[in-house]
Amino acid sequence: MTRWSVQQIRVGALTVTVLPLGEITATLSDWFAPDARAVPEGVFHLPVNALHVGGSGVSVLIDACDPALYPGAGQAGAVSACLGRAGIAPEGVTHVIITHGHHDHFCGLVSPREGPAFAGARHILSSLDWSNGSLTAEAQAADGKAADPAALERLFQLGLLDIGDSARPLPPEITLIDTPGETRGHCVVRIASGGEVLYFLADLFHVRAEIDDPTLCPVWADEPALRASRRRIITAIRRDNARFLCSHLPDVFSACAFAKASC
Ligand SMILES: [Zn+2]
């Protein structure tokens, strides 16, 4: 039984497929300062979403956890198999965008036994989350899941990981926007086609309470940087009258979600 289902969203001529590959179980009072307002109590189950953007000449994957490491969404199996069940040919993926260097966003990209899941794709990570052939200590330390950078190190050794600028340019419909705070290298993905815009905000917001109150920041974040990134992106979403979604929320939101936000 699947707690969350695969969703498909049309953005102009593109089809965006939301793949809830795994699940995080968390006590939100551990994520926010004790005096934080409006943080729900109790244990929460959050999806770990990957995104696929498809269209004519476009096949881009954004993030990918390993369903075996983040179980509970009923989709056990390799990431490429999940894509296949959604009707997407894994071998056609040209780029894999890793929004930031936290384990739940990249650990499904390399299998210890079978190697890279997308050997024909360029993998893209910000230079600000990378140093001396591995994730920065900052990116690893901030991840409560005790990040194991082995998957990214393997991609780097194989010459499949592009740090900063990609060796193969992204399709023009897809833009990366630097949004430091969750990690230094965290980025948001803007997808635009036919006058429609969808933002994938990754971990700019984790739970609904942060969208309602963008001053609410998790304890591991660089708070001034995260709040500044949120201000910029909220302005951009309103300007574009865009929809948006996040890594750990099942909903697709409209710009109206920020109606009561003051940040
Ligand atoms: Zn995450």
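Residues numbered from 1 in each chain as written. Predicted model: local features only at pLDDT ≥ 70, side-chain atom pairs only at ≥ 80, totals over all residues. Heavy atoms only, no water.

Phi is positive for Asn132, close to 50 degrees, though the residue is something other than glycine. Relative to the assigned elements, Asn132 resides in the loop between strand S9 (130-131) and strand S10 (134-135). (Helix = DSSP H or I, 4+ residues; strand = E, 2+ residues; numbered from the N terminus.)

So, on to the coordination of the zinc ion. With distances of 2.1 to 2.3 Å, the protein atoms coordinating the zinc ion are Asp104 (OD), His105 (NE2), Asp203 (OD) and His248 (NE2). Seen from the zinc ion, its four donor atoms lie at angles of 85 to 165 degrees, and the figure they make is irregular. For the zinc ion, the single-chain donor residues occur in sequence as D-H-x97-D-x44-H. Here Asp104 is found in the loop between strand S5 (95-97) and strand S6 (110-111), whereas its partner Asp203 is found in the loop between strand S14 (196-200) and helix H4 (208-212), with 99 residues between them in sequence. Look at Asp104 and you get buried, because its relative accessible area is 7%. (Donors = N, O, S within 2.8 Å, 3.2 Å for Na, K, Ca; no water. Tetrahedral: all angles 85-135°; square planar, octahedral: opposite > 155°, others 65-115°. Buried < 20%, exposed > 50% of the residue type's maximum accessible area, 1.4 Å probe, protein only.)

The next subject is the sheet that holds strand S3 (residues 43-55). Within the open sheet, the seven strands sit side by side as S1-S2-S3-S4-S5-S8-S11. Their pairing is mixed. A single partner strand is all that each edge strand has here, and the edge strands are strand S1 (7-11) and strand S11 (161-163). Ignoring strand direction, the axes of neighbouring strands in this sheet form an average angle of 30 degrees. Here five bridges tie S1 to strand S2 (residues 14-27), and the two strands are oriented antiparallel to one another. Bridge assignment links Val11 to a residue of S2, and that residue is Leu14. Its contacts with the sheet place helix H3 (residues 150-157) against strand S8 (122-125) and S11, and it is angled at close to 95 degrees to S11. (Pairing = 2+ DSSP bridges. Axes fitted to C-alpha atoms, helices over the stretch in contact; angles between N-to-C directions. Contact = heavy atoms within 4.5 Å.)

This paragraph deals with the sheet that holds strand S16 (residues 253-254). Taken together, the five strands give an open sheet; going across it, the order is S12-S13-S14-S15-S16, and neighbouring strands pair in mixed fashion. The strands lining the two open edges of the sheet, one partner per strand, are strand S12 (174-178) and S16. When S12 meets strand S13 (residues 187-193), the two strands line up antiparallel, connected through five bridges. The residue of S13 that forms the bridge with Ile174 is Ile191.

Turning to the nonpolar core, a few remarks are in order. Counting residues in each nonpolar core, the largest one holds 40 residues, and the members touching the most others are Leu21, Leu61, Val96, Ile98, Leu109, Phe118 and Leu152. Mapped by element, the contributors of at least two residues to this core are S2, S3, helix H1 (79-85) and H3. Ranked by residues supplied to this core, first place goes to S2 with four residues. Core analysis: the second largest hydrophobic core is formed by 23 residues, Tyr199, Ile211, Cys217 and Ala221 among them. (Core = buried A, V, L, I, M, F, W, Y, C linked by side-chain atoms within 4.5 Å.)

Extensive coverage of strand S4 (residues 58-62) is indicated by the burial of five of its five residues. Taking every second residue as pointing to the same face, both faces of S4 are buried, with Val58, Val60 and Ile62 on one and Ser59 and Leu61 on the other. Note that S3 and S4 share five bridges and pair antiparallel. From the neighbouring strand, His52 faces S4, where its bridge partner is Leu61. In this structure, the hairpin formed by S3 and S4 is closed by a connection of two residues, where Gly57 is found at a positive phi of approximately 75 degrees. Judged from the three bridges that link them, S4 and S5 form a sheet pairing that is parallel. The residue bridging Ile62 from the neighbouring strand is Ile97, located in S5.

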